[in-house]
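# Descriptive analysis of the structure
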Amino acid sequence: MKALLITLSLLLTVSLHAQTAPGQSPTGQGGQQDTVTRDGLWDGRLKGGNYIVRCNSIIALSKHEYISDGVARVVEVNLTLSSSMVVRFYFLEPYKPESGSSTVGAATQALDRAKGLYEQAAGRVSPDLAAPKVVKNYPTSTHAHTIEFVLKEEEKLNSLFGSLERSLRTGQGRVFTE
């Protein structure tokens, strides 16, 4: 009987430890990870590159949405740091005006179809071709002291914002993986 109780308590301890392993956060979803670290660094491992910042260097964090040139909806996360660098993470998609006009609806459908065909063809050539990339036209859109990353899905940008917000509020390091 004692052996059975000891075995059950060991199994329970191992099970509880596996559920609350150090450095794990329950916020990861759909293959995303937001892991707590003890080094005080926020470490973003994104498909477009990596970004590491000391949590106590983050002064402000913002997230906002806007329409760019009437053609793209942009959701943007900005970090203000205790340096001259500005870091920008964003998601963009074609802007779809909310209107009952059949012309607008047809144009939107045509854009969506063209985008789908492009991604399908690009995916056959190379999976990386369909991945969004930051585009800069020197000197028009090149911003001095600006680091930019584009994410393919708005949900991932929202998760990234949550990870950064937790690091800003707690000063605790994290590893965010797209």
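Residues numbered from 1 in each chain as written. Predicted model: local features only at pLDDT ≥ 70, side-chain atom pairs only at ≥ 80, totals over all residues. Heavy atoms only, no water.

### Some thoughts on the sheet that holds strand β6 (residues 86–94)
Judged by pairing direction, the sheet is mixed, and its four strands sit side by side in the order β4-β5-β6-β7 without closing on themselves. Edge strands, defined here as strands with exactly one partner in the open sheet, are β4 (58–68) and β7 (146–150). Each neighbouring strand pair of the sheet contributes to a mean axis angle of 20°, computed without reference to strand direction. (Pairing = 2+ DSSP bridges. Helix = DSSP H or I, 4+ residues; strand = E, 2+ residues; numbered from the N terminus. Axes fitted to C-alpha atoms, helices over the stretch in contact; angles between N-to-C directions.)

### As for the packing of aromatic side chains
The geometry of an aromatic ring pair is captured by the separation of the ring centres together with the interplanar angle, meaning the angle of the planes. Counted by the stated rule, this structure contains five aromatic pairs. Seen from their ring centres, W42 and F176 are 6.4 Å apart, and the 15° between their planes marks the pair as stacked. Placement of W42 in strand β2 (residues 41–46) and of F176 in strand β8 (residues 173–177) is noted, with a sequence separation of 134 residues between them. For the residue pair W42 and F176, the accessibility class agrees, reading buried in each case. Seen from their ring centres, Y51 and F89 are 6.4 Å apart, and the 75° between their planes marks the pair as edge-to-face. With Y51 in strand β3 (residues 49–54) and F89 in strand β6, the pair connects residues that are 38 residues apart, well separated along the chain. Comparing Y51 with F89, the two get one shared label, buried. Feature note: the residues W42, Y51, F89, F149 and F176 constitute an aromatic cluster, connected by ring pairs. It is K63 that lies over the ring of F161; its NZ or CZ is 5.9 Å from the centre. (Phe/Tyr/Trp six-rings, centres within 6.5 Å; stacked < 30°, edge-to-face > 60°. Buried < 20%, exposed > 50% of the residue type's maximum accessible area, 1.4 Å probe, protein only. Lys NZ or Arg CZ within 6 Å of the ring centre and 35° of its normal.)

### Topic: the sheet that holds β2
Taken in spatial order, the four strands of this open sheet run β1-β8-β2-β3, and their pairing is mixed. Unpaired on one side and paired on the other, β1 (33–37) and β3 mark the two borders of the sheet. With strand direction ignored, the average angle separating the axes of adjacent strands in the sheet is 10°. Against the sheet, helix α3 (residues 154–170) touches β1, β2 and β8, its axis set at about 170° to β8. (Contact = heavy atoms within 4.5 Å.)

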